[in-house]
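Fold and geometry: a report
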Amino acid sequence: MLVARGESDFQKLYGQGCVYVDKTYFLKKWWKGVDSITLITRPRRFGKTLTLSMIKYFFSPLYKGVTKADGSPLFEGLKVWEDEEMRSLQGTVPVISMTLSGAKSGTKKEMEELLSKQVRSQCRCYRDTLRNNGLLVEDDKELIRRYANTDYYDNPSKVFLDLCTVLQSAYGTAPILLLDEYDTPLTEAFLKGTLQEVIDPLRSFFVQCYKDNTSFSKCVITGITRIAQQSLFSDFNNPCIDTMLNSDYPALMGYTEEEVKTLLKSMGREDSLQEVKDKYDGYSIAGKIDIYNPYSLNMCLANNAMKTYWISTSQSALPKAIITEGAADMKEAIANLLSGEGVWTILPTNLIYENLYQNKDAALSLLFSGGYLKSVDHLWKDRKSTRLNSSH
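To keep things clear, this report deals only with the structure shown in the data block. (Residues numbered from 1 in each chain as written. Predicted model: local features only at pLDDT ≥ 70, side-chain atom pairs only at ≥ 80, totals over all residues. Heavy atoms only, no water.)

1. Some details on the sheet that holds strand S1 (residues 37-41)
Basically, it comes down to this: Strand pairing is assigned whenever DSSP detects at least two bridges linking the two strands. Helix and strand definitions here come from DSSP, where helices need a minimum of 4 consecutive H or I residues and strands a minimum of 2 consecutive E residues; each element is numbered from the N-terminal end. Axis lines are fitted through C-alpha atoms, for helices just across the contact stretch, and the angle between N-to-C directions can take any value from 0 to 180 degrees. Residues are treated as being in contact if the distance between any of their heavy atoms lies within 4.5 Å.
Taken in spatial order, the 5 strands line up as S2-S3-S4-S1-S5 in an open sheet, and their pairing is parallel. Two strands bound the open sheet, and with one partner strand each, they are strand S2 (95-99) and strand S5 (240-242). Taking the axes of each pair of neighbouring strands and ignoring which way they run, one obtains an average angle of 10 degrees across the sheet. With 5 bridges joining them, S1 and strand S4 (residues 219-223) adopt parallel strand pairing. Note on S4: the bridge partner recorded for Leu 39 is Ile 221. Those strands touched by helix H3 (residues 48-59) are S1, S2, strand S3 (176-180) and S4, and its axis lies near 160 degrees from that of S3.

So this is what it looks like as C-alpha cells:
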C-alpha cells in the first residue's frame, strides 16, 4: 500500500490509491448541522488543509464527476458515498477556497496583496465555467472575467462578495466558503511587532465577507488557535468553535486508536501497535478520545522507521520567543514540563497575543493549541483547570 508523505490534496491522496483513513462522515454531519460558520483549530500537520480539500472536491461543481485514477467516482468506497442523498450533492454547491498560509513579512501591504491574490485565484477558477453558464446575464460573466484578469484589487472584499452573488445566481445555491490558516499572518506580524497593521485589513475582510455576507451557505475556517484580537470572531453570530478542548468533531483530524489498529492490520504491522502507541499517541481531544499524530504515523509507515517526525517540521520562532521572553512563572512551568512533572493551568478560550510574554496561562494555551503540549487531566473549581504535559 502507498503511504503519502504529507500530501494535503484529497484527490492526489485518495484518488491515486494512497492510504487514507476515512473521515468523510464529517461531510454529512457538517452539511446537515445548523452552524453556518465553523472555526476548527488543531495543531500543525494535523489534517486541516486535507479536510478543506475534501470539502472542495465533494461539493464544488468544478469537480463534478471527479474520478480516481481507475476511473471510478472519487468518493466511491467511502462513508459519504453510502448515503444516496449526499451522493446527489456531489459537484452541486460552488466553493470559494482560500488560504492565508503565504503570509511571511507581517506587513499591511502583504496582507492586502495576499487577500487580493487569493480572491483573484477564485475568480480565475470560475471564469471559464461561468462563461458558458446559461443562467447568468452577460454583465455578470463580464464582471468575473474582468476580476479574473485584474492583478490587484483596492477592495478585495467587494470582489469576494460579488463572486459570492454571481455564483449563487449561476448555480442556484449560495457558495461554501473555506479559509485555511487564517492565523498565520497574525503570528508572523506578532513576531515582527506589526500585529495591529495586519489585523486591521484582516478584520475588515472578515466582517464584510463572513459576518455580513448573506450570499453563502456554510463556512469553515481553520487555524491553530482562536484569536481574540479586535473582535475577529466575537462579531460573528454564534459560530461553532471546535477546539482541542471542546469539539463536535473530535475524531475528524488525527487517528483514533481503532483507526490505527485497522491501518496497521491492513499493512500487516499489527504487532507494532504498542510501539506506535507509545511513540505517537500524544493527544486528547475534548477529553473524549485519544488521538495519534497523523503526520508522524504516516511518515513512520512510509519510511518504515519509528522516529520523531512532527517536531522536525515545527515553525519554532513563536514557542522559542515565549520561552525566552516569558515571565519567571512561565520559565518555571517549562522546567516542570521538561522534568515530566506537568503543570496545572487554566487555559483561556481566546488567545491575546500581547499576553503571551506576561501571562503563563496564555503562553501555555498557545503551546497546547500548537501541539507541543497535551491535556492529561481536568479539575473543576471556579474555572476549569487543566493539567498539561509534553506531547512528545
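2. Here's the deal with the packing of aromatic side chains
Put simply, the test is: Aromatic pairing here means that ring centres of Phe, Tyr or Trp (its six-membered ring) are within 6.5 Å. Orientation follows from the plane angle: under 30 degrees is stacked, over 60 is edge-to-face, and everything else is tilted.
The final tally for this structure, using the stated rule, is 23 aromatic pairs. Between Phe 58 and Phe 59, the aromatic rings sit 5.0 Å apart at their centres with planes inclined by 80 degrees, giving edge-to-face as the arrangement. The interplanar angle of 45 degrees and the centroid separation of 5.6 Å between the aromatic rings of Phe 190 and Tyr 357 together place this pair among those described as tilted. Here the residue Phe 190 occupies a position in helix H8 (residues 184-192), and Tyr 357 occupies one in the loop between strand S8 (343-345) and helix H15 (360-369), the gap between them amounting to 167 residues.

3. Describing the nonpolar core
Counted only if it meets this: Only buried Ala, Val, Leu, Ile, Met, Phe, Trp, Tyr and Cys residues count toward a nonpolar core, and they belong to the same one when joined by side-chain atoms within 4.5 Å. Partly exposed residues are those whose accessible area sits between 20% and 50% of the maximum for their type, while under 20% is buried and over 50% is exposed, using a 1.4 Å probe and protein chains only.
Judged by nonpolar contacts, the single largest core of 125 residues is most densely connected at Phe 59, Phe 75, Phe 206 and Tyr 210. Top contributing element to this core by residue count: helix H9 (residues 195-211), with 8 residues. Excluding anything up to four places from it in sequence, Phe 75 contacts Phe 10, Thr 24, Leu 27, Met 54, Tyr 57, Phe 58, Val 80 and Trp 81.

4. So, H15
For the record, the criterion: The definition of a polar contact used here is a pair of N or O atoms within 3.5 Å, where within protein one atom must be able to donate a hydrogen and the other to accept one, and adjacent residues in sequence count solely through side-chain atom pairs.
For H15, the tally of buried residues reaches 8 of 10 residues, placing the bulk of the element in the interior. The complete set of buried residues in H15 reads Ala 362, Ala 363, Leu 364, Ser 365, Leu 366, Leu 367, Phe 368 and Ser 369. If you check the start of H15, you find a side-chain oxygen 2.9 Å away from the backbone N of Asp 361, and it comes from Asn 359. Taken from the residues just after H15, Gly 371 is the one with a positive phi, measuring 95 degrees.

5. Details of the pattern of salt bridges
Note on pairing: side chains with opposite charge can pair once their charged atoms come close. As a reminder of what qualifies: Every case where a carboxyl oxygen of Asp or Glu lies within 4 Å of a side-chain nitrogen of Lys or Arg is listed as a salt bridge.
Within this structure, the stated rule accounts for 16 salt bridges. Among the ionic pairs, Lys 23 bridges to Glu 259, the shortest N-O distance being 2.8 Å. One end of the pair, Lys 23, is in the loop between helix H1 (10-14) and helix H2 (25-32); the other, Glu 259, is in helix H10 (residues 257-266), and 236 residues separate them in sequence. Classification of Lys 23 by relative accessible area gives buried; the value is 7%. For Lys 28, the salt bridge goes to Asp 83, with nearest N and O atoms at 2.7 Å. With Lys 28 in helix H2 and Asp 83 in the loop between H3 and helix H4 (84-89), the pair connects residues that are 55 residues apart, well separated along the chain. A single network of salt bridges, built from pairs that share partners, joins Arg 127, Asp 128 and Arg 131.

6. Some details on the packing of H10 against helix H11 (residues 273-280)
Filter applied, for reference: Working definition: roughly parallel below 35 degrees, roughly antiparallel above 145 degrees, roughly perpendicular at 65 to 115 degrees, and oblique for all remaining angles. Note on convention: the crossing is left-handed when the near helix lies turned anticlockwise from the far helix by less than a right angle, right-handed when the turn is clockwise. Nonpolar residues are Ala, Val, Leu, Ile, Met, Phe, Trp, Tyr, Cys and Pro. Charged residues are Asp, Glu, Lys and Arg, and all others, Gly as well, are polar.
The contact between H10 and H11 brings their axes to 11 Å, and the two run at 135 degrees. One way to sum up the angle between H10 and H11 is to call them oblique. By crossing handedness, the relation of H10 to H11 is classed as right-handed. For the pair formed by H10 and H11, the contact residues are Glu 257, Val 260, Lys 261 and Leu 264 on the first element and Leu 273, Val 276 and Lys 277 on the second. Here the contact of H10 with H11 is composed, by residue class, of 4 nonpolar, no polar and 3 charged.

7. Considerations on the side chain of Thr 24
Its location among the elements puts Thr 24 in the loop between H1 and H2. Its relative accessible area of 0% is what places Thr 24 among the buried residues. In this structure the side chain of Thr 24 is engaged in a polar contact, spanning 2.6 Å, whose partner is the side chain of Asp 22. Within the structure, Thr 24 has its side chain in polar contact with the backbone nitrogen of Val 80 (distance 3.1 Å). With residues near it in sequence (within four places) discarded, Thr 24 still touches Met 54, Phe 75, Leu 78, Lys 79 and Val 80.

8. Quick word on the side chain of Asn 213
Mapping Asn 213 onto the fold places it in the loop between H9 and S4. When its relative accessible area of 8% is taken as the criterion, Asn 213 is described as buried. Reaching out from Asn 213, the side chain makes a polar contact with the backbone oxygen of Cys 209 at a distance of 3.0 Å. Other than its neighbours up to four places away in sequence, Asn 213 contacts Phe 160, Leu 161, Cys 164, Leu 177 and Gln 208.

9. Considering the state of the cysteines
Heads up, the condition is: For this text, the term disulfide refers to a pair of cysteine sulfurs within 2.5 Å.
Taken as a whole and assessed by the stated rule, the structure comprises 0 disulfides. With no disulfide partner, Cys 123 has as its closest neighbouring cysteine sulfur the one in Cys 125, 9.2 Å distant. Among the residues examined, Cys 123 registers a relative accessible area of 0% and is labelled buried.

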